[in-house]
Amino acid sequence: MRPIQATINLAAFRHNLAVARQHAPRSKVMAVIKANGYGHGLLNAAQGLADAEGFAVLSLSEALDLRHAGYEQNILLLEGLFDTDEALLANQHRLSLVIHQTEQVTILEALSLPHPFEVFVKINTGMNRLGFQPEQLTPLMQRLKQCANVGKITLMTHFANADEAAGIAQPLALFQQTVKDFSDYPISLANSASVLRYPESHGDWVRAGIMLYGATPFADTTASQLNLRPVMRFSSRIIAIQTLSQGDGLGYGHTFVADQAMRIGVVACGYADGYPRHAKNGTPIAVAGKSSRLIGRVSMDMLFVDLSHLPDCGLGDEVELWGDLVPVDAVAHSADTIGYELLCAVAARVPLQVSDRD
Ligand SMILES: Cc1ncc(COP(=O)(O)O)c(C=O)c1O
């Protein structure tokens, strides 16, 4: 067996959910577990976050997997229905729908369904991705109220800059202005960054994603500063040792050249496992619990770690790619990306193990 694995710690999920609740004590939590639970496994994420009042996913198949596994809480399809065919199954399984464009209302109006859908009406407050323009809301609400297939309505938006210096003041003001005639409707605005920084945005439902996985949404604040615990530990082992003399190049393209004699570990993890190929020389990595650095270019199935200062480390030793010792955000920073991308990109060939350790 190739020694690579990702271990998913359910206790860390529970801890991070508790942190979300501390920040937003009056809100229900919609745990965002799309993209295969941000790479952690949909059902692993659901198990660790089972206490959340809702789950948000993208596809009908994810939602049905959750229902088939016995989860009875609110399950929200974040992009709503894609076509009429999905409506019956979604209705039968009492899924909630985001409605972000008129065509989705037309689909609902044309159907005869056993029970009304709970819907989340998405308003565009400047993200310009999904959602109705503010001036569309009043006529839309009239239509929805007349539609027998629409039951409970929550008003939502998604902020473009909650994790940036620009913050949420402008879109929040626009949202509040837009919904002022609908003040008795529940609202849902906050992603993780907004949960952590903007209590005024919490509303009835917060939609927390990345913080529940123990990574930071911010460039300037680490997950541990936010009291978040990493849920995933991505690990492998050293499968070969090389020694380099001064002037020897390492790996494809010789992007690293030894300036002195060196001892190198070859690790069974590459970009086909989800480790970023663009991680630079010096990216943090841990060997047998000790800090080291990635060197050379990451190849499809292997990467290199510097063992020159770790004479006791060798063949078979465990390597943490990211986890408790090496924050995923630090690896992401070194590869010019964000923790979200690395977590979601862990490859299907990497076995996911579940643990539950405090
Ligand atoms: C509509 C919506 N709400 C909430 C989230 C969760 O965001 P985060 O992972 O930053 O908490 C996402 C994630 O992309 C989203 O698309």
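Calculation notes
- Residues numbered from 1 in each chain as written.
- Predicted model: local features only at pLDDT ≥ 70, side-chain atom pairs only at ≥ 80, totals over all residues.
- Domains from an automatic or database assignment.
- Nonpolar A, V, L, I, M, F, W, Y, C, P; charged D, E, K, R; others polar.
- Near = placed C-beta within 6 Å.
- Helix = DSSP H or I, 4+ residues; strand = E, 2+ residues; numbered from the N terminus.
- Buried ≥ 20, exposed ≤ 12 C-beta atoms within 10 Å, placed from the backbone.
- Arc of directions from axis to C-beta.
- Contact = placed C-beta atoms within 7 Å.
- Core = buried A, V, L, I, M, F, W, Y, C linked by C-beta atoms within 7 Å.
- Pairing = 2+ DSSP bridges.
- Right-handed = clockwise from strand over helix to strand, strands pointing away.

A. The arrangement of the domain arrangement of the protein in detail. Segmenting the protein into domains produces domain 1 (10–213) and domain 2 (232–355). A separation of 37 Å is found between the C-alpha centroids of domain 1 and domain 2. Taken together, the residues of the side of domain 1 that touches domain 2 break down into five nonpolar, four polar and no charged.

B. Representation of the site of the ligand in the model. Near the ligand, the surroundings consist of Val32, Leu78, His158, Asn191, Ser192, Ala193, Arg207, Ala208, Gly209, Ile210 and Pro217. Mapped onto the shell around the ligand, the elements with two or more residues apiece are α9 (192–197) and β9 (205–208). In the shell around the ligand, the residues fall into six nonpolar, four polar and one charged.

C. Structural context of helix α4 (residues 60–68). All of the buried residues along α4 are Glu62, Ala63 and Leu66. Within α4, the buried residues cover an arc of 100° as seen down the axis, which keeps them to one side. Pointing more than 90 degrees away from the buried face of α4 are the exposed residues Ser61 and His68. Tucked into the core, α4 has its buried residues touching α2 (34–38), α3 (42–48), β3 (54–57) and β4 (74–77). Within two residues after α4, Gly70 carries a phi angle of roughly 100°, on the positive side.

D. Broad picture of the environment of Ser236. Topologically, Ser236 is positioned in strand β10 (residues 232–244). For Ser236, a count of 23 C-beta atoms within 10 Å puts it in the buried group. Sequence separation of Ser236 and Arg26 is 210 residues, and the distance between their C-alpha atoms is 41 Å. The residues contacting Ser236, other than those within four sequence positions of it, are Pro3, Ile4, Val267, Ala268, Cys269, Val319 and Leu321.

E. Examining the nonpolar core more closely. If you look at the biggest cluster of nonpolar residues, it comprises 105 residues, and the most contacted ones within it are Ala20, Met30, Ala31, Ile33 and Phe55. No other element matches the five residues that helix α1 (residues 10–23) contributes to this core. Summarising the domain contributions, this core has at least three residues from each of domain 1 (10–213) and domain 2 (232–355). For Met30, the contacting residues outside a window of four places in its chain are Ala52, Gly54, Phe55, Ala56, Leu76, Ser188, Trp205, Val206 and Arg207.

F. Expanded view of the pairing of strand β7 (residues 150–156). Here five bridges tie strand β6 (residues 117–122) to β7, and the two strands are oriented parallel to one another. Paired with Val121 across the strands is Leu155, a residue of β7. A crossover links β6 with its parallel partner β7, the connecting element being helix α7 (residues 137–146), and its sense is right-handed. Sheet topology places β7 next to strand β8 (residues 187–188); two bridges connect them, and they run parallel. Within β8, the position partnered with Met156 by the bridge is Ser188. With helix α8 (residues 169–178) bridging β7 and its parallel neighbour β8, the resulting β-α-β unit is right-handed.

G. Region of interest: unusual backbone geometry. Here Asn128, not a glycine, exhibits a phi torsion of approximately 55°, which is positive. Structurally, Asn128 can be placed in the loop between β6 and α7. In the Ramachandran plot, His254 falls in the positive-phi region, its phi being about 45° despite a non-glycine side chain. Note that His254 resides in the loop between β11 (249–250) and β12 (256–257). What makes His254 exposed here is the crowd of 11 C-beta atoms within 10 Å.

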